[in-house]
Amino acid sequence: MLNGKVNYKVPRNLLFMFELLALSLMFLYYKDTLNRTTVVYSLTLILLVYISNVLLIKITSGDNYIFLIVTMLVSIGVIMIYRIDPELGMKQILWIGFGIILFFVSYILFKSTKGWENWFLIYAMVSVVLFLLTLFLGRNIKGATNWINVGGFSFQPSEIIKILSIFLIASFYTNYDRFNKLKFGKYYLMGMIYLFVLFLFLQKDLGSVLIFLSVFIALQYVYEEDRKLVYINLFILVISAIAGYFIFSHVQSRVQTWLNPWKYIDTKGYQITQSLFAIAEGGFFGTGLGLGYPDFIPEVHTDFIFSAICEEMGVFTGIGIIMLFLILVYRGFKISINQKYKFYRIVALGISILFGIQSFIIFGGVLNMIPLTGITIPFVSYGGSSMLSSFIALGILQVASEELDFDEEQ
Amino acid sequence: MKSNNINKEIRRIIVVLVLVCILLVSLVVYLTYFQIFKAETVKMNSYNKRLWINEEKVLRGSILDRNGKILAYSEKEGETYKRIYNYGNLYSHIIGYSYREYGKSGLELKYNNELLNISKSATLNELRNIVLPNTEGNTLKLTIDHHLQEYSRNLLKDKKGAIVAMNPTTGEIYAMVSMPDFNPSKLKEDWSNIVEDENSPLLNRAISGLYQPGSTFKVITSVAAIESGKVGKSYDCSGSTVIDGYVLNDYNKTSHGKIDLTGAFINSCNPYFAEKGIEVGIDKLEEVAQKFYMNKSIPFDLTVKKSSFPNRSNLGKTDIAAASIGQGEVLVTPLHMAMIASAIANKGEMVKPILVKEIISPEGRVIDFNGTEVISQATDLFTANEVKNMMVEVVQRGTGKNARINGVKVAGKTGTAQNPSDKDHAWFIGFAPADNPKIAIAVILEQEGSSGGTAAAPIGRKIILEALNTIN
């Protein structure tokens, strides 16, 4: 798709320089507690990122930018997390390492196996099982019951279900005609998605509700041939949003805090107002790494990492991150349009929308532009589940960016 | 058919792409808007802990009087610093207070950055904290004379009102008292009482209390009359006059008989000045009032409320008459009246009032100072002299006799101001010695219920005498 003319060395080397400089600054900042493991881990990560970028150009015939953009995002994220808490920073480096490995694994797996579009039932069943597991084994963290514990590791099944549901939607619309012949066949997908949303609502995970619905509506808008269904879906949504506001107290509470966080500055508005202080304090150029007080914000390393970045690296870096997502989303859409296989087209589109919407919801939330719902920024926030699932999604997007040659119907 | 479908699909994909892009770009727009228009206000919220970070690392500077007496200082108490106010209530309105719970007031607020020796840039502060931990703030040296301040406050004990004593030629404030006051070192214990007290002890009456000046305002009306040359005619005062059907009385309805400007000034004849004001005209009155800084912001180390003189276009005759004798819509602060007296004393030149004389670095170097500055040529030398002579007469043989001092020529003007309550405010403004002024004062006793000559002039006398004896 992109042939030879572009010199990838320049951005790759710039990224390398950025990482090296930022990390040296951080080492200087934490010079008292610096140890060998930290240095080795960090240098390994920088090398891994560099080598992956070189390697990828060799093995893929597809898009060479998306991985580069993502490595820039993870670099900014991990540096900020390391600055907030070196221990978490070390863990994040590990997660990124695993993430990059998973990126290649999912790239190879997804590329070498066929038939992904035929497993609608499997995606549906695995998702439901994961949801049920969360519901029964779930632990309540930060007011949402969306974590389960497996062998000492906590993870968020909804992160995996996000990708599964994109596959679900893609396989449905790829086999649209087949489903249409069945009785009530065209309602299968809507039924499944609403079931997912119901599960998420029970977990009080409002952010994920928003993401699932946005991705679903966008894909439905593009691929549903029965336009009536799109309007019905939108209608149901508006009604249930209004009903949800009046029925569920936690929805009301979010909206109230959004309208006037200063009124609840001591209680439920504390987090968001602390976030606004941080962003305001940073100004356009930031206080400089290590010179601000992002740790005044509770949960700063996950949901509020963006505020911390704005405080210390400046609003211009914040805008830069938003722009990186914008390019990533744009590349994703371009990949989708250029892909000749419908299933891969839908998957690429779904993943791009997922990245775009998810980042919008959390950026808008910490800025108090929209009501705050606690979700992570893909690739930037601290967290294993989010990092791994995002890299898996990226691996799939990488496959979709290539000119595939399957001997099956388009 | 097939390619048609594909085109439709691509068109829809682009619609979704545009929507997602709009969402992301709106974030950039909002973030920029927030940073430019809202960030400054958001930052100043007292819940922003960053505001206090610097404070707790720096030894807040001391505050000294003009002779170097320590009025307020900080000392280390465990991990943090404790602010100590040496003289309890005495400086509650000048120095104010600085508490994490209640915020800041007075000079503690206005000179916070200087006292902490911090610059406005957070980055510079942080860098400084890294390089030089445990820094000290700057010291403020005030123009206040501790002795005169204490003396003045004692004269106002158990009263409501304010006193401002200043040097009429340099603008240095020697004493500034507002009563009732409060004790900044016992704020935690007294806070609820202070806030609920209907006499508002938190209010600094000397700069934030707006009062009708009453007859003290005749100083300005006289300047206007002399400047416009309308002083020749003598006037027959019967103790009251009727303007537009509205009867205007003298204090106690005294009739003064045949008098000229000097006679009217000495006896504070209301009918004379009411009619003189109308004769001079509102435009001239307003012009002179403006030159004396009415309707203007007075530059000062603390925020001064703006005094007001009516300047509506539809002002009636009764309004002009009332304004000429300092009633109706005319409102002034005590500091401003002291400045007006100073301007007459200082050959018509109004000087900027000064409270903070010097800012001294921890190493003892003077890093900034407030110099004398003429802010307005309020009137010419001739007029100033005329008014001064009339003010001397007021004290010699007029309403201000209670301010007379043996061997010192005191110039003064009394005022008894009607106000919404049924008890009059008692005013005295003045300066001395008249030919070589060293001190100018303004005294107001709020709702005292007696005349300026009886209640305020004796206080003015005592302060002038004390100042002349003790300040060199």
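In case you missed it, the structure is sitting above this.
Residues numbered from 1 in each chain as written. Chains lettered and ligands numbered in written order. Predicted model: local features only at pLDDT ≥ 70, side-chain atom pairs only at ≥ 80, totals over all residues.

Peer 1: It is not clear to me how the overall build of chain B should be interpreted in this structure. Could you clarify?
Peer 2: Scanning chain B from terminus to terminus reveals 16 helices and 19 strands. Put simply, chain B has 472 residues, and 48% of those count as buried. When contacts within chain B are restricted to residue pairs at least 6 apart in sequence, long-range pairs at least 24 apart make up 66% of them. (Helix = DSSP H or I, 4+ residues; strand = E, 2+ residues; numbered from the N terminus. Buried ≥ 20, exposed ≤ 12 C-beta atoms within 10 Å, placed from the backbone. Contact = placed C-beta atoms within 7 Å.)

Peer 1: How should the environment of Gln-339 of chain A be read in this particular structure?
Peer 2: Along the chain, Gln-339 of chain A turns up in the loop between helix H14 (315–338) and helix H15 (342–366). Sequence-distant contacts of Gln-339 of chain A, that is, excluding residues within four places in its chain, are made with Tyr-344, Arg-345, Ala-348 and Ala-400 of chain A.

Peer 1: Quick question: what am I supposed to make of the packing of helix H6 (residues 146–155) of chain B against helix H16 (residues 452–470) of chain B here?
Peer 2: For any two helices packed against each other, the geometry is given by the interaxial angle and the distance between the axes. Residues and elements named next belong to chain B. The contact between H6 and H16 brings their axes to 10 Å, and the two run at 165°. Between H6 and H16, the crossing angle belongs to the class labelled roughly antiparallel. At the point where H6 passes H16, the crossing takes the right-handed sense. Within the contact between the two elements, H6 uses His-147, Leu-148, Tyr-151, Ser-152 and Leu-155 and H16 uses Ile-459, Lys-462, Ile-463, Glu-466, Ala-467 and Thr-470. (Axes fitted to C-alpha atoms, helices over the stretch in contact; angles between N-to-C directions. Parallel < 35°, antiparallel > 145°, perpendicular 65-115°, else oblique. Left-handed = near helix turned anticlockwise from the far one by under 90°.)

Peer 1: What should I look at first to understand the interface of chain A and chain B in this one?
Peer 2: Interfaces are often described in size by the accessible area the parts lose on coming together. Contacts between chain A and chain B engage 35 residues on the former and 27 residues on the latter. If you list the elements that add at least two residues to the side of chain A that touches chain B, you get helix H9 (206–223), helix H12 (270–282), H14 and H15 of chain A. The element that contributes the greatest number of residues to the side of chain A that touches chain B is H14 of chain A, accounting for ten residues. A breakdown of the residues in the side of chain A that touches chain B according to their chemical character gives 26 nonpolar, eight polar and one charged. (Nonpolar A, V, L, I, M, F, W, Y, C, P; charged D, E, K, R; others polar.)

Peer 1: Just to check I follow, could you spell out the nonpolar core for this structure?
Peer 2: Nonpolar side chains in soluble globular proteins tend to end up buried together. Residues and elements named next belong to chain A. One finds Ile-169, Val-215, Ile-305 and Val-347 to be the most contacted residues of the largest nonpolar core, which totals 125 residues. Looking at this core, the element that brings in the most residues is H15, giving 16 residues. Counting only domains with at least three residues in this core, you end up with domain 1 (9–114 + 253–400) and domain 2 (116–234). In contact with Ile-305, not counting residues within four places along its chain, are Gly-77, Met-80, Ile-81, Val-300, Ile-377, Val-380, Ser-381 and Tyr-382. (Core = buried A, V, L, I, M, F, W, Y, C linked by C-beta atoms within 7 Å. Domains from an automatic or database assignment.)

Peer 1: How should unusual backbone geometry be read in this particular structure?
Peer 2: Backbone geometry follows two general trends: most residues other than glycine have a negative phi, and most peptide bonds adopt the trans configuration. Residue and element names in this part refer to chain B. Note the cis peptide between Met-179 and Pro-180, where omega equals 0°. Its location among the elements puts Pro-180 in the loop between strand E8 (173–179) and helix H7 (187–196). The omega torsion across Ala-432 and Pro-433 is -20°, close enough to zero to call that bond cis. The backbone of Ser-200 sits at a positive phi, close to 40°, despite the residue not being glycine. Locating Ser-200 in the fold gives a position in the loop between H7 and helix H8 (205–208).

Peer 1: Just to check I follow, could you spell out helix H10 (residues 227–247) of chain A for this structure?
Peer 2: Given 3.6 residues per turn, any residue in an α-helix points the same way as the ones three and four places further on. A rise of 1.5 Å per residue sets the reference length of H10 of chain A, with its 21 residues, at 30 Å; its end C-alpha atoms lie 30 Å apart and thus fit the reference within 8%. Counted residue by residue, H10 of chain A has zero buried out of 21 residues, so it is predominantly exposed. (Expected span 1.5 Å × (residues − 1).)

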